[in-house]
Structure formats: C-alpha cells, structure tokens
Amino acid sequence: MKALATRSTEDKEFPLSLADFRYLSSVVYDQTGIVLKDHKINMVYSRLARRLRELGLTSFNDYCRLLESERGTEETGFLINAITTNLTKFFRENHHFEHLADVALKEAAAAASRTGLRRLRIWSAGCSSGEEPYSIAMTLLSRFPRLREWNAKILATDLDTAMVARGRAGRYADRDLENVPASLRKRYFSGSTSAGETAASDDLRALITFKQLNLLSSWPMTGPFDAIFCRNVMIYFDEATKTGLIDRFATMLKPGGWLYIGHSETLLDTGGKFQLMGRTIYRRRDA
C-alpha cells in the first residue's frame, strides 16, 4: 500500500515525480512549517493541477523550475494558498465559545471591576474564511454585558490571503450559516446578494481586524491577549515547530489567559507554561 501511496503521477495530465513532490514539500515546510509526507502526493496534485493549467505548464517539473526563477517569490504565495487546508464552520467545537462566555469573559469583567481597565483582546490564529472570528464576535455581542463600554477587538489572521479576503468581506451562503442559532442569524446577518449570500452586520465587522500572517514569521502585534484560538492548525506541524509556537503563544497571553486548540491536537508544553483546564482548553500559568 505504501508504494502505491508514494508513486509518482506520471500517467496523469501533469507528470509529478516523487522528487518534484518532495521539492514542493520542502518549499511548503520552509514557508509554513506544514509537513507534507509522501502519501500526500495525490492531494498536492489535485490542489495544483488547475494552477498549472492557468500558467500553461506541462509538468510539475516546470512548476518547480518556476518557483526557482525570479518569479518564484510571487508564485510561492499561490502555492501556499493552494496547499493550505481551510475547513471551518460557525461555532465549530462550540464548547470553546461556551467557555469563552461563561468563564473567560466573566473573569475579564470581574478583573475590570477591580482595576477599572476595560480592555479585551482575542486572537483567532488560523481564521480561515472568517467563521471562527465571527463566532467569537457573536459570543461577545450576545453574552458580554455592556460590551460597547469596552475597548474590545478581535484579531483574525491566516496564512491564505484568499481566505483573509473572504473573511474581511463577511459574506456567506445560507448553508454556511446552518450552525448559527436562528436568533443570532436574524440579529447579525442580513440581506441577500445575487449570489445568494448573506452579509455579516456592521456590529460584527467592527470588532474584527483581518490580517494575513504566517505564524512562523515575525508577529507585528504586541498583545497581550486575553484569549487565543488556534484550532486545527498545529496538526500540520512537526514537533519542534509546535513547541516553538506554544512558547510564542505564552508570551502573547496575559497571565491567566486562555488558549483554545483543536479537538485532535495536543499541547506540547515542555516549559510548563500552560495548565489543562478542560477539553482542549488551556490556561497560561501566572508565572
């Protein structure tokens, strides 16, 4: 079975040798930390075949040579966008949003009553097409009393520029909103375009700033954040990359801040910076 999984695709429209696949994998890893093992060769083919047609190329070897040329920097962006997986939906893993409302936000309100500082920052790291940050925004608006009196902001970042643009546009098909409770859908989404899309309200959009960001590059923001959502992102990284990312998240969180990760992920916290507080819910230790 393994031999079949790693066989080159010489018999398809665009020949893709194992050597070329591994070159593409190395480019993706260097840029993003995402590990593409040999059994992903058919996935890579399917994600990039359309791009080769657009470029008028006849093989993946030609595409590899393009990446090595003067146009390589620009084309690498297209490569990363094509490879990045963007599976998401509103209120996915809803227990995180319940915890945000019932625990994290209540603690923030209690702290503000003591200090007088009404500042709230939440980061959706790996926001894909925006469903996660809009779910966070709906949680804040519907379940956090007197939010308008706060300096509250949600940062939404993703590696894929196309996904960031879609999130910023805030338009979704009716089927995309199936997980949104009817009361929230009526309150925070309205209108219908010729394409059958519904637009997020101005109240939601005002809370969120969408930015393109590579988690493995430098981070221009300084924090600190009250909560970070980084869900179903680290599953694509190797152990060293995960460990480094967790350390960086810890520096971005307030002491006692919250980190929410994906249902199939585990936290590699060799420095003991986080404490498990619930299902895929971690808290930064005070010291």
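In case you missed it, the structure is sitting above this.
No experiment lies behind these values; they were computed from the predicted model shown. (Residues numbered from 1 in each chain as written. Predicted model: local features only at pLDDT ≥ 70, side-chain atom pairs only at ≥ 80, totals over all residues. Heavy atoms only, no water.)

## A few points about the nonpolar core
Which entries qualify depends on this criterion: For our purposes a nonpolar core is just a set of buried Ala, Val, Leu, Ile, Met, Phe, Trp, Tyr and Cys residues, chained together by side-chain atoms within 4.5 Å. Relative accessible area decides the class of each residue, using a 1.4 Å probe on protein chains only: under 20% of the type maximum gives buried, over 50% gives exposed, and in between gives partly exposed. Only runs of H or I of at least four residues qualify as helices and only runs of E of at least two qualify as strands under DSSP, and these elements are numbered from the N terminus. By definition in these notes, contact holds between two residues if any of their heavy atoms fall within 4.5 Å.
Grouped together as the largest cluster of nonpolar side chains are 48 residues, with contacts concentrated most on L24, L48, W123, L215, W219, F249 and L259. For this core, the elements supplying multiple residues, two or more each, are α2 (18-32), α3 (41-55), α4 (60-68), α5 (72-83), β1 (119-125), β7 (225-230), α11 (239-252) and β8 (253-261). In terms of residue count, the dominant contributor to this core is α3 (6 residues). With sequence-adjacent residues up to four places away left out, L259 is seen in contact with I228, I246, F249, L253, L267, F274, T280, I281 and Y282. Residues Y134, A137, M138 and A200 belong to the second largest nonpolar core, which totals 40 residues.

## Considering unusual backbone geometry
With an omega of 0°, the peptide bond running from G223 to P224 counts as cis. Tracing the backbone shows P224 in the loop between β6 (208-212) and β7. Residue F91 is not a glycine yet carries a positive backbone phi of 55°. Tracing the sequence through the fold places F91 in the loop between α5 and α6 (95-115). Phi angles above zero are rare outside glycine, and E93 is one such case at about 55°. Tracing the sequence through the fold places E93 in the loop between α5 and α6.

## A short note on the layout of surface pockets
As a reminder, the rule being used: The method works on a 1 Å grid over the protein atoms by themselves. A cavity is a set of points holding a 1.4 Å probe that cannot get out, a pocket is an open set with protein on both sides within 12 Å along at least five of seven lines, and residues with an atom within 4 Å of a point line them. Grid points are joined across faces, edges and corners, and a volume is the space filled by probe spheres set on the points. Three classes are used: nonpolar for Ala, Val, Leu, Ile, Met, Phe, Trp, Tyr, Cys and Pro, charged for Asp, Glu, Lys and Arg, and polar for all others, with Gly counted as polar.
Looking at the second largest pocket, its volume works out to about 390 Å³. Lining the second largest pocket are 24 residues, with E107, A108, A111, D226 and K254 sitting closest to its centre. Of all the secondary structure elements, the ones that give two or more residues to the lining of the second largest pocket are α6, β1, β7 and β8. Of the residues contributing to the lining of the second largest pocket, the split by class is 14 nonpolar, 3 polar and 7 charged.

## What to know about the sheet that holds β7
We count it as follows: By definition, two strands form a pair when at least two bridges between them are found by DSSP. Angles shown run from 0 to 180 degrees and are taken between the N-to-C directions of axes, each axis being a line fitted to C-alpha atoms and, for helices, limited to the stretch in contact.
Taken in spatial order, the 7 strands of this open sheet run β6-β2-β1-β7-β8-β10-β9, and their pairing is mixed. The strands lining the two open edges of the sheet, one partner per strand, are β6 and β9 (274-278). Geometrically, the sheet is characterised by an average inter-axis angle of 20° between neighbouring strands, direction not taken into account. Pairing between β1 and strand β2 (residues 151-158): 7 bridges, direction parallel. Across the sheet, S124 pairs through a bridge with A156, a residue of β2. On top of the sheet, helix α7 (residues 131-143) reaches β1, β2, β6 and β7; it is set at about 155° to β1, its chief contact. On top of the sheet, α11 reaches β1, β7, β8, β9 and β10 (281-284); it is set at about 135° to β8, its chief contact.

## Focus on the sheet that holds strand β3 (residues 171-173)
Strand order in this open sheet of 3 strands is β3-β5-β4, and the pairing throughout is antiparallel. Of all the strands in the sheet, just β3 and β4 (189-190) have a single pairing partner and so form its edges. Summarising the sheet, β4 and strand β5 (residues 197-200) pair through 2 bridges and their orientation is antiparallel. Considered in β5, the bridge of F189 is made with A200.

## Considerations on the packing of α6 against α7
As a reminder, the rule being used: Roughly parallel here means an angle under 35 degrees, roughly antiparallel means over 145, roughly perpendicular means 65 to 115, and every remaining angle is called oblique. For any helix crossing, the convention is left-handed if the near helix is rotated counterclockwise from the far helix by under a right angle, and right-handed if that rotation is clockwise.
Viewed as axis vectors pointing N to C, α6 and α7 meet at an angle of 45°, and their least axial separation amounts to 10 Å. The orientation of α6 relative to α7 falls into the category oblique. In this structure, α6 meets α7 at a crossing whose hand is right-handed. Across from F97, E98, L100, A101, D102 and L105 in α6, the residues of α7 making contact are E132, S135, I136, T139, L140 and R143. Across the contact of α6 with α7, the residue classes tally to 6 nonpolar, 2 polar and 4 charged.

## With respect to the side chain of E265
Condition: Counting rule applied: Lys, Arg positive; Asp, Glu negative; His and chain ends not counted. One speaks of a salt bridge when a side-chain nitrogen belonging to Lys or Arg is within 4 Å of a carboxyl oxygen belonging to Asp or Glu. Contacts described as polar in this section are N or O atom pairs within 3.5 Å, which, within protein, must combine one atom able to donate a hydrogen with one able to accept it, while residues neighboring in sequence count only if both atoms come from side chains.
Inspection of the secondary structure assignment puts E265 in the loop between β8 and β9. This buried residue, E265, is left without a salt bridge; K242 holds the nearest opposite charge, at 7.2 Å. Side-chain polar atoms of E265 contact the backbone nitrogen of M234, separated by 2.8 Å. Separated by 3.2 Å, the side chain of E265 and the backbone nitrogen of I235 make a polar contact.

## Overview of α4
Inclusion rule: Arc, as used here, means the arc of the directions from the helix axis to the C-beta atoms.
Among the residues of α4, those classed as buried are F60, Y63, C64, L66 and L67. Along the axis of α4, the buried positions cluster into a sector of 155°, meaning they face one direction only. For α4, the secondary structure elements touched by its buried residues are α2, α3 and α5. Where α4 begins, the capping side chain belongs to S59, and its oxygen is found 3.4 Å from the backbone nitrogen of N61.

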